[in-house]
Amino acid sequence: YLELRRPFMLGVLEKEDKSKSAYKPTLGHFFFRVCHDKGLLGRLYTQNIDGLDYKTGIPNDKIVSVHGTLGRVECEGCKAPYPSEKFCSEVRQKIRDIYNIDPLAPKESTAIVCESCNR
């Protein structure tokens, strides 16, 4: 499934600098930030996986990502956090590009191994 999501993951995660990001939070995302700032937000439940909610300044502990998120990268096995920059580098080096966008992508995919559990 990483091959299918490769361009999206790199577009969202690779550009942590909000001013240069390919994807940016919208006014809809920032509405919830305003609610938080005014003390009106108890918790934000989101089905969005793009992670843009995490770029609004709402505390991470108030965001519940129902279907997962690219706002935080973690091991699917042990749940250990994985640094976004390192994950992007691993995706770029180990996951093939089925869309033929990146000429430097590998021809075959190999596993991205968790540093904590080695799975």
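Here, the structure is the one placed above.
Keep in mind it's a predicted model, so treat the numbers as computed, not measured. (Residues numbered from 1 in each chain as written. Predicted model: local features only at pLDDT ≥ 70, side-chain atom pairs only at ≥ 80, totals over all residues. Heavy atoms only, no water.)

Would you mind going over the nonpolar core with me for this structure?
As a rule of thumb, nonpolar side chains are buried together in soluble globular proteins. Membership of the largest hydrophobic core comes to 13 residues, with the highest contact counts inside it found for Leu-2, Met-9, Leu-13, Phe-87, Val-91 and Ile-112. Elements that contribute at least two residues to this core include exactly helix H1 (2–13) and helix H3 (84–94). In terms of residue count, H1 provides more of this core than any other element does, five residues in total. With sequence-adjacent residues up to four places away left out, Leu-13 is seen in contact with Leu-70, Val-73, Ser-84, Phe-87 and Cys-88. Core analysis: the next-biggest nonpolar cluster, separate from the first, contains six residues, Cys-35, Leu-44, Tyr-54 and Ile-63 among them. (Core = buried A, V, L, I, M, F, W, Y, C linked by side-chain atoms within 4.5 Å. Buried < 20%, exposed > 50% of the residue type's maximum accessible area, 1.4 Å probe, protein only. Helix = DSSP H or I, 4+ residues; strand = E, 2+ residues; numbered from the N terminus. Contact = heavy atoms within 4.5 Å.)

What's the story with the packing of aromatic side chains in this structure? I'm lost.
By convention here, two paired aromatic rings are described through the distance between centres and the angle between planes. Under the defined criterion, the tally for this structure stands at two aromatic pairs. Aromatic pair Phe-31 and Phe-32: ring centres 5.3 Å apart, planes at 75°, arrangement edge-to-face. By relative accessible area, Phe-32 is classed as partly exposed at 30%. Here Tyr-82 and Phe-87 contribute two aromatic rings whose centre-to-centre distance is 6.0 Å and whose plane-to-plane angle is 85°, an arrangement assigned as edge-to-face. (Phe/Tyr/Trp six-rings, centres within 6.5 Å; stacked < 30°, edge-to-face > 60°.)

Can you walk me through the environment of Glu-115 in this structure?
Mapped onto the elements of the fold, Glu-115 is located in the segment after H3. Each C-alpha atom of the pair Glu-115 and Gly-11 lies 24 Å from the other, and the pair is 104 residues apart in sequence. Residues contacting Glu-115, with those up to four places away along its chain left out, are Tyr-82 and Lys-86. In terms of polar contacts, Glu-115 uses its side chain to reach the side chain of Lys-86, at 3.4 Å. (Polar contact = N/O pair within 3.5 Å; in protein donor to acceptor, adjacent residues only side chain to side chain.)

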